[in-house]
Amino acid sequence: MRLDSDGLERALKRCRRGDQDAWAQVVRHFSALIYSICRRCGLNADDSADVFQTVCTQLYRNLDRLEKAETMPKWMAVTTAREAVRVKRIGDRNRGVSFGEETTLEEVLQADEEGAHELAARAELALQLRAGLAKIPERCQKLLTLLYFEDDVAYGDISETMGMPVGAIGPTRARCLEKLRAELNRSKFFEVHVSDISSGDSLSV
Amino acid sequence: MKRECIEYRDRVVELAEGKPDADARSHVDQCPECRQRLDQLKSMLSVASETWVEAPESVIQAAISSFVPTPQRRFTLLSSTLASTGARRASSDQFQTVLKHEGMEVRLSYQKEGAGWTVLGRSNVPIESLDAEGAVVTGSRFEFRVSLLGNAAFELNGVLVAAPLEDSDNDARPGA
């Protein structure tokens, strides 16, 4: 369930007043973000479900502090990533996986924090990309989803699903990408460079 | 977009997808606009390939049903000079409100002074606690200052008094 920034702010306000429907809206809005971070961190389904619950508990406890909708995705992503990395570390330790004898605890914690920040930043971008996708025309959303957001869908299948000749897919997808790019420029998506995140230039919270 | 760039439009997308095209590459290297477009397209496609998994419905439902947000105790608005006079305008620099919660009643006066607002209050019951920064309490009266009206939320005896601009149920909205 997608909420825009205003909708999220209204939902948070209603949550603080005890509206459970609003609470459900907020949980659903961030459900894919939370779960994707867990899975990307390598957690199994049980651990992912535990992290999901923990993050929602923290969200619930911090409802009064989270007033600005625009800060929410980062807060959710960082909170989830830290918890996911912590659970992963415990799981690794229980399985006997270690960093090596010469690695200090401080280095382990620093690596965890850097890993959490990178996970969070990429997930936040993924959320922003999908929010941008939701704002372009439906036919473009459908085409770009088939081409880039789903695994290896053949052009023949895309042609059939879209009711579009195979030869038209290329030029149409270029126009749709341009619409998405314009939308993302409006939402300042490109101000955080993916390459910076990948190289460990983590975001501050 | 320049005519030459239009000719390369589809091929820049293919470059972003990783297809080799020396001619398009050469154009991009000489054209800052297409270079930026290529970089942005690459960023988009890189993020699009990120793992994105919706949580199972059972996990979502567990999180929804485990936590029933408890309504916060708060005063409700009984009257406002802004609402009664219809003087809802941006230039309003003084107004009064009366709010109630169970047996408690609080009368508030908001006065614009300089760059901020002074909030003067009077309660009909003894003030046991007042959570407002810099508040001065004298008997059943209190006073504090805020830079913005939106920051004027406070708690009196553990019950929230919303800031006039924040409360959508509250008609005391100067400038609304």
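Rules of the game
- Residues numbered from 1 in each chain as written.
- Chains lettered and ligands numbered in written order.
- Predicted model: local features only at pLDDT ≥ 70, side-chain atom pairs only at ≥ 80, totals over all residues.
- Heavy atoms only, no water.
- Pairing = 2+ DSSP bridges.
- Helix = DSSP H or I, 4+ residues; strand = E, 2+ residues; numbered from the N terminus.
- Axes fitted to C-alpha atoms, helices over the stretch in contact; angles between N-to-C directions.
- Contact = heavy atoms within 4.5 Å.
- Buried area = accessible area lost by both parts, 1.4 Å probe.
- Salt bridge = Lys/Arg side-chain N within 4 Å of Asp/Glu carboxyl O.
- Phe/Tyr/Trp six-rings, centres within 6.5 Å; stacked < 30°, edge-to-face > 60°.
- Buried < 20%, exposed > 50% of the residue type's maximum accessible area, 1.4 Å probe, protein only.

Colleague: Just to check I follow, could you spell out the sheet that holds strand 1 (residues 76-80) of chain B for this structure?
Modeller: Hydrogen bonding along the main chain pairs the strands of a sheet, whether they run parallel or antiparallel. Residues and elements named next belong to chain B. A sheet is described by the order of its strands in space; here 6 strands give the open sequence 1-2-3-4-7-6, paired in antiparallel fashion. Because the sheet does not close on itself, it has two edges, and the strands there are strand 1 and strand 6 (136-138). Each neighbouring strand pair of the sheet contributes to a mean axis angle of 20°, computed without reference to strand direction. Across 4 bridges, the pairing between strand 1 and strand 2 (residues 94-101) is antiparallel. Bridge pairing in strand 2 links Thr-76 to Lys-100.

Colleague: Just checking my understanding: could you explain the pairing of strand 3 (residues 104-113) of chain B for this structure?
Modeller: For a regular strand, the rule is simple: side chains alternate between the two faces of the sheet. All names here are of chain B. The pairing of strand 2 with strand 3 spans 8 bridges and is classified as antiparallel. Across the sheet, His-101 pairs through a bridge with Met-104, a residue of strand 3. Taken together, strand 2 and the strand that follows it, strand 3, pair antiparallel across an intervening segment of 2 residues, in which Glu-102 is found at a positive phi of about 50°. Between the end of strand 3 and the start of strand 4 (residues 116-123), which pair antiparallel, lie 2 residues, with Gly-114 showing a positive phi angle near 65°.

Colleague: Sorry, what's going on with the interface of chain B and chain A here?
Modeller: Opposite the 42 residues of chain B that make contact, chain A presents 47 residues. Approximately 4,100 Å² of surface area, both sides summed, lies buried where chain B meets chain A, with 59% of it carried by carbon and sulfur atoms. Between the two partners, chain B and chain A, sit 5 salt bridges. For Arg28(A), the salt bridge is made with Glu57(B), and the minimal N-O distance between the two is 2.6 Å.

Colleague: Is there a simple way to think about the packing of aromatic side chains in this case?
Modeller: Aromatic rings in a pair are described by how distant their centres are and how their planes are angled relative to each other. A full pass over the atoms with the stated rule returns 6 aromatic pairs over all chains. With centroids separated by 5.1 Å and ring planes inclined at 85°, the aromatic side chains of Phe189(A) and Phe190(A) adopt a geometry described as edge-to-face. The buried category is assigned to Phe189(A), whose relative accessible area is 1%. Residue class for Phe190(A) comes out buried when judged on its relative accessible area of 9%. Centroid distance Phe95(B) to Trp117(B): 5.9 Å. Interplanar angle 65°. Geometry classified as edge-to-face. Taken together, the residues Phe95(B) in strand 2 and Trp117(B) in strand 4 connect sequence positions 22 residues apart. The residues Phe95(B) and Trp117(B) share a single accessibility class, namely buried. Three or more aromatic residues joined by ring pairs make a cluster, and in this case those are Phe95(B), Tyr110(B) and Trp117(B).

That is the geometry; function is a separate question.
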